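As a plain string of letters, each chain reads:
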Amino acid sequence: MKALISVDMEGISGIVHSSETNPERYDYQRGRELMTAEANAVIAGVLDAEPTADVLVADAHGTFRNLLPEQLDRRARLVRGKPRALNMLTGLDEETDAALFVGYHVRAGEGPGVLAHTMNGEILDVRVTGRAPDEEVRGTGRGPDEEVRITTHTPGEGVQVTAPTPGEDSRTTARSLGEIGLNAAMAGHLGVPVVLLSGDDAACAEAAALIPEAVTVPVKEALGMAAAVTLHPEEARDRLRRAAADAVSRRTEIPPLALTGPLDVEVDLASPHTIDLATLVPGVSRTAGARTVAFTAPDYGTAYRLILLLAQLATIRPA
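J.: I'd love a proper account of the overall build of the protein, names of residues and values included.
T.: A count of helical and extended segments in the protein gives 7 helices and 14 strands. Across the 319 residues that make up the protein, the buried fraction comes to 58%. When contacts within the protein are restricted to residue pairs at least 6 apart in sequence, those whose partners lie at least 24 apart make up 68%. When the accessible surface of the protein is summed, it comes to about 13,000 Å², and 49% of that surface belongs to carbon and sulfur atoms.

J.: For the environment of proline 282, give the residues involved together with the corresponding values.
T.: Topologically, proline 282 is positioned in the loop between helix 6 (272–278) and strand 13 (285–286). Between the C-alpha atom of proline 282 and that of phenylalanine 295, which follows or precedes it by 13 residues, the distance is 9.1 Å.

J.: I'd love a proper account of the sheet that holds strand 2 (residues 54–59), names of residues and values included.
T.: The strands that make up a sheet are held in pairs by hydrogen bonds between backbone atoms, and each pair lies either parallel or antiparallel. With respect to topology, 7 strands assemble into an open sheet ordered 3-2-1-4-9-10-11, the strand pairing being mixed. Strand pairing shows two members of the sheet lacking a second neighbour, strand 3 (77–79) and strand 11 (227–230), which therefore form its edges. Strand-to-strand, the axes of this sheet are offset by a mean angle of 25 degrees, without reference to chain direction. Bridge count between strand 1 (residues 2–7) and strand 2: 6 bridges; the pairing is parallel. Looking across to strand 2, one finds that isoleucine 5 is bridged to valine 57.

J.: Residue-level account of unusual backbone geometry, with values.
T.: Between lysine 82 and proline 83 the backbone carries a cis peptide bond, its omega angle lying at 0 degrees. With respect to the element layout, proline 83 can be found in the loop between strand 3 and strand 4 (98–104).

J.: Requested: an account of the nonpolar core, with residues and values cited.
T.: One finds Ile5, Val46, Leu100 and Leu196 to be the most contacted residues of the largest nonpolar core, which totals 95 residues. Not counting chain neighbours up to four residues away, the residues in contact with valine 46 comprise Ala3, Ile5, Ala53, Val55, Leu100, Ala244, Ala245 and Val248.

J.: Account for the pairing of strand 14 (residues 292–297), with residues named and values stated.
T.: Counting buried positions along strand 14 yields 5 of 6 residues, so the element is predominantly enclosed. In terms of strand pairing, strand 12 (residues 260–269) meets strand 14 through 6 bridges, oriented antiparallel. By the bridge assignment, valine 267 is partnered in strand 14 with valine 293. Adjacent in sequence and paired antiparallel, strand 13 and strand 14 are bridged by 5 residues.

J.: Can you tell me about the pattern of salt bridges, naming the residues and giving the values?
T.: A full pass over the atoms with the stated rule returns 16 salt bridges. The partner of arginine 75 in a salt bridge is aspartate 73, with the nearest N and O atoms 2.8 Å apart. Exposure remark for arginine 75: the relative accessible area of 49% places this residue in the partly exposed category. Aspartate 73 sits in the buried class, given a relative accessible area of 16%.

J.: I'd like a description of the environment of threonine 90, backed by residues and values.
T.: Mapped onto the elements, threonine 90 comes out in the loop between strand 3 and strand 4. Counting along the chain gives 85 residues from threonine 90 to isoleucine 5, while the straight-line C-alpha distance between them is 9.9 Å. Not counting the four nearest positions on each side in its chain, threonine 90 is found in contact with Leu4, Ala58, Val79, Arg84 and Ala85. A polar side-chain atom of threonine 90 sits 3.2 Å from a polar atom in the side chain of arginine 84.

J.: Talk me through the packing of helix 3 (residues 179–189) against helix 7 (residues 300–313); I want residue IDs and the actual numbers.
T.: To describe two helices that pack against each other, one gives the angle between their axes and the distance between the axes. Direction vectors running N to C along helix 3 and helix 7 enclose 145 degrees, while the axes themselves pass 9 Å from each other. In this structure, helix 3 meets helix 7 at a crossing whose hand is left-handed. When helix 3 is examined against helix 7, the residues Gly181, Leu182, Asn183, Ala185, Met186 and His189 are found in contact with a partner set consisting of Tyr300, Gly301, Tyr304, Arg305 and Ile307. Of the residues assigned to the contact of helix 3 with helix 7, the class counts are 6 nonpolar, 4 polar and 1 charged.

J.: Explain the confidence of the model for the protein to me, using residue names and the numbers behind them.
T.: Scored by pLDDT, the protein has a mean of 87; 86% of the residues are at 70 or more. Note that residues 133–171 has pLDDT below 50 and, in this model, 84 contacts with residues that lie over four places away or in other chains.

J.: I'd like a description of helix 4 (residues 201–210), backed by residues and values.
T.: Residue pairs three or four apart in sequence face the same way in an α-helix, which turns once every 3.6 residues. The buried fraction of helix 4 amounts to 7 of the 10 residues, a majority that puts the element mostly inside the structure. Between a side-chain oxygen at the N-terminus of helix 4 and the backbone nitrogen of alanine 202 the separation is 3.1 Å; the capping residue is aspartate 200.

Reading the values: the criteria
- Residues numbered from 1 in each chain as written.
- Predicted model: local features only at pLDDT ≥ 70, side-chain atom pairs only at ≥ 80, totals over all residues.
- Heavy atoms only, no water.
- Helix = DSSP H or I, 4+ residues; strand = E, 2+ residues; numbered from the N terminus.
- Buried < 20%, exposed > 50% of the residue type's maximum accessible area, 1.4 Å probe, protein only.
- Contact = heavy atoms within 4.5 Å.
- Areas by Shrake-Rupley, 256 points an atom, 1.4 Å probe, with all protein chains shown as cover.
- Pairing = 2+ DSSP bridges.
- Axes fitted to C-alpha atoms, helices over the stretch in contact; angles between N-to-C directions.
- Core = buried A, V, L, I, M, F, W, Y, C linked by side-chain atoms within 4.5 Å.
- Salt bridge = Lys/Arg side-chain N within 4 Å of Asp/Glu carboxyl O.
- Polar contact = N/O pair within 3.5 Å; in protein donor to acceptor, adjacent residues only side chain to side chain.
- Left-handed = near helix turned anticlockwise from the far one by under 90°.
- Nonpolar A, V, L, I, M, F, W, Y, C, P; charged D, E, K, R; others polar.
- pLDDT = per-residue confidence, 0-100.

As structure tokens, then:
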């Protein structure tokens with residue numbers, strides 16, 4: 001059995017402020033230790049359920065050099081540094097049996113959520129138009145030859161799957177996918193279910209709306225962008241270890257989140273300079289809106305990589 005644990009930082013218990021997640025700020029070292037300890041709890045849970053599992057841990061925050069290698073459970077292997085092909089999911093492949101998202105946060109514009117954003121502060125929204133492939137992915141009870149429609153709603157509203165009316169296009173817009181949805185869909189593209197997610201209550205609600213069968217572990221209740229009621233770190237780790245073991249044990253009951261192509265993608269960007277750069281990428285065009293670019297991808301893997309490229313372009317400042 002192979003598991004990939006993707007560990008972000010904003011959704012770790014006890015963390016509420018950028019001073020704890022930014023390498024240049026005074027409380028960062030403490031944030032790193034809290035992050036590493038929660039990763040260890042999830043590693044332990046996976047190995048409680050599957051003692052011979054191959055466990056990879058992907059450092060998935062900022063520089064991707066946050067987890068403390070010398071403090072990480074020696075039974076796991078660490079994916080560290082950037083750039084890398086699958087970004088927060090590097091190490092994931094078709095042979096992976098389960099993905100677990102630890103310390104994740106809610107998408108930009110949603111909340112209240114601790115340190116809410118999507119990839120970086122320059123991406124305001126990502127919308128993907130796709131089609132649910134068949135009953136094996138979403139468990140709709142319909143046959144593979146019958147078209148279905150999937151609409152991703154805001155957290156708490158759930159996922160609705162309905163048959164299109166005669167003459168209606170069966171493709172609808174997946175609203176505002178953040179890092180949770182974008183990464184879960186990339187895992188689904190490879191046939192891998194996301195079986196567990198931890199973070200604040202808003203992140204867990206966002207995950208539950210996309211993947212109702214997944215195990216979610218809220219380690220804090222968001223009060224705002226930089227405030228929360230948080231569990232004691234040791235309590236959070238105990239819950240994470242138990243939940244990880246349960247999630248891995250039930251992995252065959254949790255369907256991958258898959259979107260089939262072709263896919264229409266719209267990305268809202270904060271900076272006009274980034275929009276100018278984005279239109280230099282073949283296939284990416286400016287829409288009628290002042291801040292939106294759009295493209296069509298043949299499959300989700302291609303869409304995901306283009307979104308990652310746009311996020312990188314957003315870090316370039318005018319000369």
